[in-house]
Amino acid sequence: MIFITGDTHGNLDYKKLNVDNFPIQKKLTKRDYVIVVGDMGVIWDDNDEILMEYYNSKKFTTLFIDGNHENFDKLNNYKIEKWNGGNVHKISDSIIHLMRGQIFEIEGLKFFTFGGANSIDKKYRKEGISWWPEELPNEEEYLSAYKNLEKCDYKVDIVLTHSAPYSMLYKINSRIKGNRLNKELDNIEKKLDYKYWFLGHYHLDMNLSDKIIILYNDIIKVDNQLKIERY
Ligand SMILES: [Fe+2]
């Protein structure tokens, strides 16, 4: 089984995955996946062990794309490995970072992943301590996204991003200006054949369209027929 949820923010919002809020986990195994669509913050500071133990001790495997609030120095120190068709950082056997611009086959479904976002609060943050310029994709990551999308003829089942496509921003908040990442996602959205697009970042549970869904506290189950159900 595959479940998808929004930002867990290190030790701030992980409790949405506690057993009382997400009881079906009792029936899951390490071959079931919970995917966090960015700002997982599991690798952050000297207290990482506590949070890693929380996720390692879960019956399921946790996958995540990166958001903007991640410690990219630490994250990028992990070796790049191949997993289910795409590049990952294995934080542990139970915690796997799905890198940007990759295609993964998970439980018979094809996923396109593209993390990253702009921090609107960066002036209150300190570079290398609580903010990293790598929060936004680099040229190589955009190129690998387009190359990998070409390889699968621009057809996937599910898209996972942290940011929203540019043309959807007005539905979230008319004051959001948008950046290159939002524009590239818009470009991808227009070309791509996909069934659902899940994103985080905006700390809302909101459907931007029939197919594009912002997640925060909601946990969505996706079955292998691409039926979705809210938990
Ligand atoms: Fe966030």
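In the block above lies the structure referred to throughout.
All of the points below concern the structure found in this document.

Rules and cut-offs
- Residues numbered from 1 in each chain as written.
- Predicted model: local features only at pLDDT ≥ 70, side-chain atom pairs only at ≥ 80, totals over all residues.
- Heavy atoms only, no water.
- Axes fitted to C-alpha atoms, helices over the stretch in contact; angles between N-to-C directions.
- Helix = DSSP H or I, 4+ residues; strand = E, 2+ residues; numbered from the N terminus.
- Parallel < 35°, antiparallel > 145°, perpendicular 65-115°, else oblique.
- Contact = heavy atoms within 4.5 Å.
- Donors = N, O, S within 2.8 Å, 3.2 Å for Na, K, Ca; no water.
- Tetrahedral: all angles 85-135°; square planar, octahedral: opposite > 155°, others 65-115°.
- 1 Å grid on protein atoms, 1.4 Å probe; cavity = no way out; pocket = protein on both sides within 12 Å on 5 of 7 lines; lining within 4 Å.
- Points joined across faces, edges and corners; volume = space filled by probe spheres on them.
- Nonpolar A, V, L, I, M, F, W, Y, C, P; charged D, E, K, R; others polar.
- Buried < 20%, exposed > 50% of the residue type's maximum accessible area, 1.4 Å probe, protein only.
- Pairing = 2+ DSSP bridges.

Relative orientation of the contacting elements helix α3 (residues 139-151) and helix α5 (residues 180-191) amounts to 5°, with a least axis distance of 12 Å. The angle between the axes of α3 and α5 places the two elements in the roughly parallel class. Together, Glu-139, Tyr-142, Tyr-146 and Leu-149 of α3 and Arg-180, Leu-181, Glu-184, Asn-187 and Ile-188 of α5 make up the contact between the two elements.

So, on to the environment of Val-159. For Val-159, the position within the fold is in strand β9 (residues 158-161). Expressed as a C-alpha distance, the spacing of Val-159 and Ile-212, which sit 53 residues apart in the sequence, is 9.0 Å. Excluding anything up to four places from it in sequence, Val-159 contacts Phe-112, Leu-192, Tyr-194, Tyr-196, Trp-197 and Phe-198.

Expected angles at a metal are 109.5 degrees for tetrahedral coordination by four donors and either 90 or 180 degrees for octahedral coordination by six donors. Protein coordination at the iron ion comes from Asp-7 (OD), His-9 (NE2), Asp-39 (OD) and His-203 (NE2), with a distance range of 2.1 to 2.3 Å. The site at the iron ion holds 4 donor atoms, and with the angles between them running 87 to 170°, its shape is irregular. All donors of the iron ion come from a single chain, and their spacing in sequence reads D-x1-H-x29-D-x163-H. Separated by 164 residues along the polypeptide, Asp-39 in the loop between β2 (33-37) and α1 (48-56) and His-203 in the loop between β10 (196-199) and β11 (206-207) bring together distant segments of the chain.

Moving on, we get to the layout of surface pockets. Taken as a whole, the largest pocket spans an internal volume of roughly 860 Å³. What lines the largest pocket is a set of 34 residues, and nearest its centre among them are Asp-39, Asn-68, His-69, His-201 and His-203. Where the lining of the largest pocket is concerned, the elements lending two or more residues are α1 and α4 (169-172). It is α1 that provides the largest number of residues to the lining of the largest pocket, a total of 3 residues. The class makeup of the residues in the lining of the largest pocket is 11 nonpolar, 16 polar and 7 charged. If you trace the second largest pocket, you find 30 residues lining it, with Asn-87, Met-99, Arg-100, Gln-102 and Ser-144 closest to the centre. Of all the elements in the fold, those that place two or more residues in the lining of the second largest pocket are α2 (72-75), β4 (80-83), β5 (86-92), β7 (102-106) and α3. No other element matches the 6 residues that α3 contributes to the lining of the second largest pocket. Here the residues of the lining of the second largest pocket are counted per class, giving 9 nonpolar, 11 polar and 10 charged.

Attention now moves to the environment of Gly-6. Residue position: Gly-6 is located in the loop between β1 (2-5) and β2. When its relative accessible area of 0% is taken as the criterion, Gly-6 is described as buried. Sequence-wise, Gly-6 and Ile-220 are 214 residues apart; in three dimensions their C-alpha atoms are separated by 9.7 Å.

So, about the sheet that holds β9. Read across the sheet, 6 strands follow the order β7-β8-β9-β10-β12-β11 without closing on themselves; strand pairing throughout is mixed. A strand with exactly one partner marks an edge of an open sheet, and here the two such strands are β7 and β11. Alignment of strand β8 (residues 109-114) against β9, held across 4 bridges, turns out to be parallel. Note that in β9 the partner of Thr-113 across the bridge is Leu-160. α3 rests against β7 and β8 of the sheet, and its axis sits at about 160° to β8. Here α5 sits on the sheet and contacts β8, β9, β10 and β12 (212-214); the angle it forms with β8, its principal contact strand, is near 155°.

Quick look at the side chain of Ser-130 now. Note that Ser-130 resides in the loop between β8 and α3. Residues contacting Ser-130, with those up to four places away along its chain left out, are Trp-44 and Arg-125.

The phi torsion at Asp-39 lies on the positive side, around 55°, for a residue other than glycine. Here Tyr-154, not a glycine, exhibits a phi torsion of approximately 55°, which is positive. Examined against the element boundaries, Tyr-154 turns out to sit in the loop between α3 and β9.

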